[in-house]
Structures are given as C-alpha cells and as structure tokens.
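Spelled out, the chains give:
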Amino acid sequence: MGNKITTRIEYDAIKEKVNALIAEATANGMLEPEMDNDYTREIGALAHQMAAYEDEYMMHSFGKI
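Given the structure is predicted, the values throughout are model-derived calculations rather than measurements.

Rules behind the numbers
- Residues numbered from 1 in each chain as written.
- Predicted model: local features only at pLDDT ≥ 70, side-chain atom pairs only at ≥ 80, totals over all residues.
- Heavy atoms only, no water.
- Salt bridge = Lys/Arg side-chain N within 4 Å of Asp/Glu carboxyl O.
- Helix = DSSP H or I, 4+ residues; strand = E, 2+ residues; numbered from the N terminus.
- Buried < 20%, exposed > 50% of the residue type's maximum accessible area, 1.4 Å probe, protein only.

Asker: Outline the pattern of salt bridges, supporting the account with residue identities and numerical values.
Answerer: Tallied over the entire structure, the rule returns five salt bridges. Among the salt bridges present, the one from Asp-12 reaches Arg-8, with a minimum N-O distance of 3.0 Å. Taken together, the residues span about one helical turn, with Asp-12 and Arg-8 both in helix 1 (residues 8–27) at a distance of four residues. Here Asp-12 falls in the partly exposed class, since its relative accessible area comes to 31%. For Arg-41, the salt bridge goes to Asp-38, with nearest N and O atoms at 2.8 Å. Residue Arg-41 and its partner Asp-38 are located together in helix 2 (residues 38–62), separated by three residues, close to a single helical turn. Each of Asp-36, Asp-38 and Arg-41 takes part in salt bridges that share partners, so that together they form one network.

Listed below in structure tokens is the structure:
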C-alpha cells in the first residue's frame, strides 16, 4: 500500500479497511488502551494517511477553520 492517499476511492477503501481492522481487533481483544500490536500499528498508520488526505483534499471543500 502506498504512503499517500490521492483519490476519494482510495480514501473510502482505506476507511473500510480501518473499520474492519477495528472490528476484528475488538473481537480478538486486541484493541485495549495501551496495547501495541499489529492491529494498533496498522490502524494508526492508515488513520494517519486518512488524516493527511483529509487535510489536503477534503478541507478545501469546507474551508480551513
């Protein structure tokens, strides 16, 4: 997976993946506070990519606050 999201299609696909990872991690008891594991690291990395996309592309629609 690339490090930068550049399209809404990529953003939506990554958002679905994050939601699936959160559900899976929760079901497996792997998403508790202070946990550091493959789930939390991947969710964090993907969420960071999503935030960067939102800052660069989505904020233009709403205007920066």
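More follows now that the structure is in view.
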